[in-house]
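Structural characterization, general
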Amino acid sequence: GGCTTQPPDEPPKGRINAPTLPADQFAGVADRDPGISTTMTGMAAAGETVVGVGSYGGRVETPYFKVSTDAGATWVDGELSDSAAESTVIGESSLGVVAVSGSNWLSLGKKDDTFLAWTSPDAHTWDRAEAVGFDGQRTHLSALIGTEAGFIAVGIITACLIIRTYRICAAERR
């Protein structure tokens, strides 16, 4: 099984519906080891404002925010508030989810078993706090949705119940 064909030698013709991120604005981290990668894993938009979140990767991960106020034509780095900068530590990573509700932006991340919430009222300056209500060992988030009333985190919680359900299903098949 698996993919056994080679990619085509020529790029596809016609228009492709995928964002193109300018290499000069999404370049590698300056003054760092060339082994560090920049990976954008989530985007959200409100009008002309677009926020991209991801992580700088290498020996450790560090989250980052990119902001565009012209629908993605140009990008600037988002900034951490003073308190967020003081409390952010190496090894925190973005979960690749970001959403907007009204004028409030939210992105989630993690450090070990602790979920983190980065919030911003303007998409440019971000505060950081521990995200409460998540079991860091069992919760796996896959999406974040902004609504008029706030935010919805989507994911799964692994538990013994899933294992018990599987055992019951397996026993019923006999």
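Scroll up to find the structure this text is about.
Residues numbered from 1 in each chain as written. Predicted model: local features only at pLDDT ≥ 70, side-chain atom pairs only at ≥ 80, totals over all residues. Heavy atoms only, no water.

All right, on to the overall build of the protein then. Regarding its fold elements, the protein presents 2 helices and 11 strands. In sequence order, the secondary structure elements of the protein are arranged as β-β-β-β-β-α-β-β-β-β-β-β-α. Counting over 174 residues, the protein shows a buried share of 30%. Nonlocal contacts in the protein, meaning residues at least 24 apart in sequence, comprise 39% of its contacts between residues at least 6 apart. Surface exposure of the protein reaches about 11,500 Å², of which carbon and sulfur atoms provide 53%. (Helix = DSSP H or I, 4+ residues; strand = E, 2+ residues; numbered from the N terminus. Buried < 20%, exposed > 50% of the residue type's maximum accessible area, 1.4 Å probe, protein only. Contact = heavy atoms within 4.5 Å. Areas by Shrake-Rupley, 256 points an atom, 1.4 Å probe, with all protein chains shown as cover.)

A separate point is the nonpolar core. Grouped together as the largest cluster of nonpolar side chains are 12 residues: Ala 44, Val 51, Val 53, Phe 65, Val 67, Val 98, Val 100, Trp 105, Leu 116, Trp 118, Ala 123 and Trp 126. Excluding residues within four positions of it along the chain, Val 51 makes contact with Gly 42, Met 43, Ala 44, Lys 66, Val 67, Val 98, Trp 105, Ala 123 and Trp 126. Core analysis: the second largest hydrophobic core is formed by 9 residues, Leu 106, Phe 115, Ala 117 and Ala 131 among them. (Core = buried A, V, L, I, M, F, W, Y, C linked by side-chain atoms within 4.5 Å.)

Right, let's talk about the pattern of salt bridges for a bit. Following the criterion strictly, the structure yields 4 salt bridges and no others. The salt bridge involving Asp 135 is made with Arg 138; its shortest N-O contact spans 2.8 Å. A residue is classified by how much of its surface remains accessible, and Arg 138, at 32% relative accessible area, is partly exposed. (Salt bridge = Lys/Arg side-chain N within 4 Å of Asp/Glu carboxyl O.)

Moving on, we come to the sheet that holds strand β8 (residues 114-120). Pairing is mixed across the open sheet formed by 5 strands, whose spatial order is β5-β9-β8-β7-β6. Every interior strand has two partners, whereas the edge strands, β5 (79-80) and β6 (93-101), have only one. In this structure, β6 lies alongside strand β7 (residues 104-111), joined through 7 bridges in antiparallel fashion. Each residue of the ladder has a partner; that of Val 100, found in β7, is Trp 105. (Pairing = 2+ DSSP bridges.)

Ordered by their spatial adjacency, 4 strands build an open sheet running β1-β2-β3-β4, and the pairing between neighbours is antiparallel. The open sheet is flanked by β1 (37-46) and β4 (76-77), the only strands paired with a single partner.

What follows concerns the pairing of strand β11 (residues 150-157). Regular strands have side chains that alternate between both faces of the sheet. Here strand β10 (residues 139-147) pairs with β11 via 8 bridges, running antiparallel. Looking across to β11, one finds that Leu 144 is bridged to Ala 153. Where β10 folds back onto β11 in an antiparallel hairpin, the turn is made up of 2 residues.

Of note, Ser 55 is situated in strand β2 (residues 49-57). For Ser 55, the side chain forms a polar contact with the main-chain nitrogen of Ser 94, separated by 3.1 Å. (Polar contact = N/O pair within 3.5 Å; in protein donor to acceptor, adjacent residues only side chain to side chain.)

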